[in-house]
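Here are the chains, one letter per residue:
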Amino acid sequence: MSTIPVSDLTQSIVDLLMEAYQGPPDANTPTWFNDNDPNGGVFGLISPLSAVEASTSADDSGKPGTTVASHIEHLRWSLANANGALRGDPYQSNWIESWKIISVDIAEWNLLRLTLQTEVKTICNAIQKQENLEGPFLNGLLALVPHAAYHLATIRQIIERIRN
């Protein structure tokens, strides 16, 4: 049985995270799950959104998970949690904490977008430095990809609803 070098696995995880968050680098680069649009990642989708749009509930309920801001905070929280675990901090499994933000003002929205970008860069750098991936740790890193892809699609749907 052959084994996959850890460096190949970690590069694949980072490449897929970049597809979800940054989108493909250009319209000619093949993608695995995202639209082949350089602005098709989370960062490209949220860049032109105002704080008001980010705070608009897709179903007018104002509940957690119905605004772009709540999904961006959820992603930021989950990546900060994973980054902490990679540094040796205890893993926080209280996911309810990740849905506390529903609406943002301009300054909060700018900061939230910036901190999400910082967490993505930090996790990608940390993943690439890993020399050993085992058990729950590997599962956690692998789970980051479908998690990001799910929220990318949900954010896309919320934006479509609030703009129509």
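Figured I'd write up the structure that's included with this text. For clarity, every value in this text was computed on a predicted model and none was experimentally measured.

## Looking at the overall build of the chain
No. 1: Of regular secondary structure, the chain possesses six helices and zero strands.
No. 2: Listing every helix and strand of the chain by position from the N terminus yields α-α-α-α-α-α.
No. 3: Since a compact globule built from 164 residues should have a radius of gyration of about 15 Å, the 16 Å found for the chain is in line with a globular shape.
No. 4: Projected onto its principal axes, the C-alpha positions of the chain cover 55 × 40 × 25 Å.

## Concerning the pattern of salt bridges
No. 1: Within the structure shown, the criterion is met by five salt bridges.
No. 2: As a salt-bridge pair, Arg 156 and Asp 35 come within 3.8 Å of each other at their nearest N and O atoms. In this pair, Arg 156 is assigned in helix α6 (residues 135–163) and Asp 35 in the loop between α1 (6–21) and α2 (42–46), connecting sequence segments 121 residues apart.
No. 3: Assessed through its relative accessible area of 43%, Asp 35 is described here as partly exposed.
No. 4: Linking Lys 100 and Glu 97 is a salt bridge whose minimum nitrogen-to-oxygen distance equals 3.2 Å.
No. 5: By relative accessible area, which is 34% here, Glu 97 ends up partly exposed.

## Regarding the packing of α1 against helix α5 (residues 106–128)
No. 1: Here α1 crosses α5 at 165°, and the two axes come no closer than 9 Å. Taken together, the axes of α1 and α5 are roughly antiparallel relative to one another. Helix-helix and strand crossings are classified by hand; for α1 and α5 the assignment is left-handed. In this structure, α1 uses Thr 10, Gln 11, Ile 13, Val 14, Leu 17, Met 18 and Tyr 21 to contact α5, whose residues at the interface are Leu 116, Val 120, Ile 123, Cys 124, Ile 127 and Gln 128.
No. 2: Counted by class, the contact of α1 with α5 contains 10 nonpolar, three polar and no charged residues.

## Some remarks on the nonpolar core
No. 1: In this structure, Leu 17, Tyr 21, Ile 72, Trp 109 and Leu 116 are the most contacted members of the largest nonpolar core, which totals 37 residues.
No. 2: For this core, the elements supplying multiple residues, two or more each, are α1, α2, α3 (51–54), α4 (68–86), α5 and α6.
No. 3: By residue number, the principal contributor to this core is α6, which donates nine residues.
No. 4: When sequence neighbours within four positions are dropped, the list of residues in contact with Ile 72 reads Val 42, Ile 46, Trp 109, Leu 112, Leu 116 and Ile 155.

Cut-off values and rules
- Residues numbered from 1 in each chain as written.
- Predicted model: local features only at pLDDT ≥ 70, side-chain atom pairs only at ≥ 80, totals over all residues.
- Heavy atoms only, no water.
- Helix = DSSP H or I, 4+ residues; strand = E, 2+ residues; numbered from the N terminus.
- Rg over C-alpha atoms; globule rule 2.2 N^0.38 Å.
- Salt bridge = Lys/Arg side-chain N within 4 Å of Asp/Glu carboxyl O.
- Buried < 20%, exposed > 50% of the residue type's maximum accessible area, 1.4 Å probe, protein only.
- Axes fitted to C-alpha atoms, helices over the stretch in contact; angles between N-to-C directions.
- Parallel < 35°, antiparallel > 145°, perpendicular 65-115°, else oblique.
- Left-handed = near helix turned anticlockwise from the far one by under 90°.
- Contact = heavy atoms within 4.5 Å.
- Nonpolar A, V, L, I, M, F, W, Y, C, P; charged D, E, K, R; others polar.
- Core = buried A, V, L, I, M, F, W, Y, C linked by side-chain atoms within 4.5 Å.

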